[in-house]
Amino acid sequence: MKKFFAIITLLALTSLSFAQKAGDRITFTATDMKGATVTSDIFAKNKVTILNIWGTFCGPCIREMPDLAKLNEANKAKGVEVVGIVIDILDRKGNVDPRVKSSGEAIISQTGANYTHIIPNMTMMTGLLKNIQAVPTTIFVDSNGRQIGEAYLGSRSQKDWQKIIDEILKK
C-alpha cells in the first residue's frame, strides 16, 4: 500500500486536481485521533483553518509537521488553526487500521504536531478527499467553511507557510 501511495504521489506532481476549489463549502462529521467527534463547525472558531492532508508513509508530510506545529502556536492569537487529516488510516473496508493509527500517533508525538488530526470516514474519502492525488495537500478554509484559494500541493517551510497565512489574513 505504501508503494502504491508513493507512485501516486510521484504521478500527482505532474497533474494537479483537487477535491475542492476556491469558494466551495467543506462539511463533514468525523472523529479525531483521540476518538472525539469533529465536525465542520471547527472552522467557525477561527478566521482561517489550515487543513493539512497527510499520510503516515509520506516523508515530506512528516518533515513539515514540526513547522506546522510552530505555525499553529504562533498564529493562534490571529485566529488561525492547523488541523491534520490522516489520509491513509482507513483499510479497504473503511475501518481504522490499528497499525496505521499507531504509526500516526507516534508521528504526531515525535514531531510535536499536537494539533487536531482527523480520521476521515468513507464519506470524506468519497467527497472532500476523493481527488487528492498527492500528500501533503493543504487547503485553507474560512470561518464559514469555504475554501480560500486553491489547494497547495507539497510541503513548505514555516517561513513560506507564514507568508501565505499573512497574505490570506490581509484580505
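Note that the structure is a prediction, hence the values are computed from the model and not measured.

*Asks:* In this structure, what is going on with unusual backbone geometry? I would like to understand it.
*Replies:* A cis amide bond, omega 0°, links V135 with the succeeding residue P136. By the secondary structure assignment, P136 is in the loop between α4 (122–126) and β6 (137–142).

*Asks:* Before we go on, may I ask you to explain the pattern of salt bridges in this structure?
*Replies:* Opposite charge on two side chains allows them to pair when their charged atoms are near. The full count for this structure, using the stated rule, is six salt bridges. A salt bridge links D97 to R99; its shortest N-O distance comes to 3.7 Å.

*Asks:* Explanation requested: the sheet that holds strand β5 (residues 116–119) in the structure shown.
*Replies:* Working definition: the strands of a sheet are paired by backbone hydrogen bonds and lie parallel or antiparallel to each other. Strand order in the open sheet formed by seven strands is β2-β1-β5-β4-β3-β6-β7, with mixed pairing between adjacent strands. On the outer flanks of this sheet lie β2 (37–39) and β7 (147–153), each paired with one strand and no other. Neighbour-to-neighbour, the strand axes of the sheet open up by a mean angle of 30°, direction not taken into account. As judged from the seven bridges shared by strand β3 (residues 48–54) and strand β4 (residues 80–86), these two strands associate in the parallel manner. Looking across to β4, one finds that I50 is bridged to V82. Packing against the sheet, helix α5 (residues 158–170) makes contact with β3, β4, β6 and β7, and its axis sits at approximately 25° to β6.

*Asks:* Can you walk me through the environment of A113 in this structure?
*Replies:* Looking at the element boundaries, A113 is found in the loop between α3 (98–111) and β5. Along the primary structure A113 and G84 are separated by 29 residues, whereas in three dimensions their C-alpha atoms are 9.0 Å apart. When near neighbours in sequence (up to four residues on either side) are disregarded, A113 contacts M65, A69 and I108.

*Asks:* Would you explain the packing of aromatic side chains in this entry?
*Replies:* Here the distance between the centres and the angle between the planes together describe a pair of aromatic rings. If you walk through the whole model with that rule in mind, you get four aromatic pairs. The interplanar angle of 75° and the centroid separation of 5.9 Å between the aromatic rings of F28 and F43 together place this pair among those described as edge-to-face. You can see F28 sitting in the loop between α1 (2–12) and β1 (29–32) and its partner F43 sitting in the loop between β2 and β3, a full 15 residues away along the chain. By relative accessible area, F28 is classed as buried at 6%. Take F43: its relative accessible area is 1%, and that puts it in the buried class. Ring geometry for Y152 versus W161: centroids 5.6 Å apart, planes at 75°, classification edge-to-face. Its relative accessible area of 24% is what places Y152 among the partly exposed residues. On the accessibility criterion, W161 (1% relative accessible area) is buried. Against the face of W161 rests R156, its NZ or CZ located 5.3 Å from the ring centre.

*Asks:* So what exactly am I meant to see when it comes to the packing of helix α2 (residues 59–75) against α5 here?
*Replies:* Where α2 contacts α5, the axes come no closer than 9 Å and their chain directions differ by 40°. Classified by the angle their axes make, α2 and α5 are oblique. Seen along the crossing, α2 lies across α5 with a hand that is right-handed. Touching E64, D67, L68, K70, L71 and N75 of α2 are Q158, W161, Q162 and I165, all from α5. Residues belonging to the contact of α2 with α5 are distributed by class as follows: four nonpolar, three polar and three charged.

Conventions and cut-offs
Residue numbering note: each chain is counted from 1, following its sequence as written. Local features are withheld for residues below a pLDDT of 70 in this predicted model, meaning they are given only at 70 or higher, and side-chain atom pairs are given and counted only at 80 or more; totals for whole chains, interfaces and linings count all residues. Remark: hydrogens and water are excluded; side-chain values derive from all non-hydrogen atoms of the structure. What counts as a helix is a DSSP run of H or I of at least four residues, what counts as a strand is a run of E of at least two, and both are numbered from the N terminus. A carboxyl oxygen of Asp or Glu within 4 Å of a side-chain nitrogen of Lys or Arg is what we treat as a salt bridge. Two strands make a pair as long as DSSP finds a minimum of two bridges between them. Each axis is a line fitted through C-alpha atoms, taken for helices only over the stretch in contact, and angles between the N-to-C directions span 0 to 180 degrees. The contact criterion used throughout is that any non-hydrogen atoms of two residues lie within 4.5 Å. Working definition: rings of Phe, Tyr and Trp (its six-membered ring) pair if their centres are within 6.5 Å, and the pair is stacked with planes under 30 degrees apart, edge-to-face with planes over 60 apart, and tilted otherwise. Each residue is placed in one exposure class: buried if its accessible area under a 1.4 Å probe, protein chains only, is under 20% of its type's maximum, exposed if it is over 50%, and partly exposed if it falls in between. Note on geometry: a ring has a charge over it if NZ (lysine) or CZ (arginine) is within 6 Å of the ring centre and within 35 degrees of the ring normal. Here the word oblique covers every angle except those under 35 degrees (roughly parallel), over 145 (roughly antiparallel) and from 65 to 115 (roughly perpendicular). By convention the crossing between two helices is left-handed if the near helix lies anticlockwise of the far one by an angle smaller than a right angle, and right-handed if it lies clockwise. In this classification, Asp, Glu, Lys and Arg are treated as charged, Ala, Val, Leu, Ile, Met, Phe, Trp, Tyr, Cys and Pro as nonpolar, and every other residue, Gly included, as polar.

Function-wise, these values are silent; they only describe arrangement.
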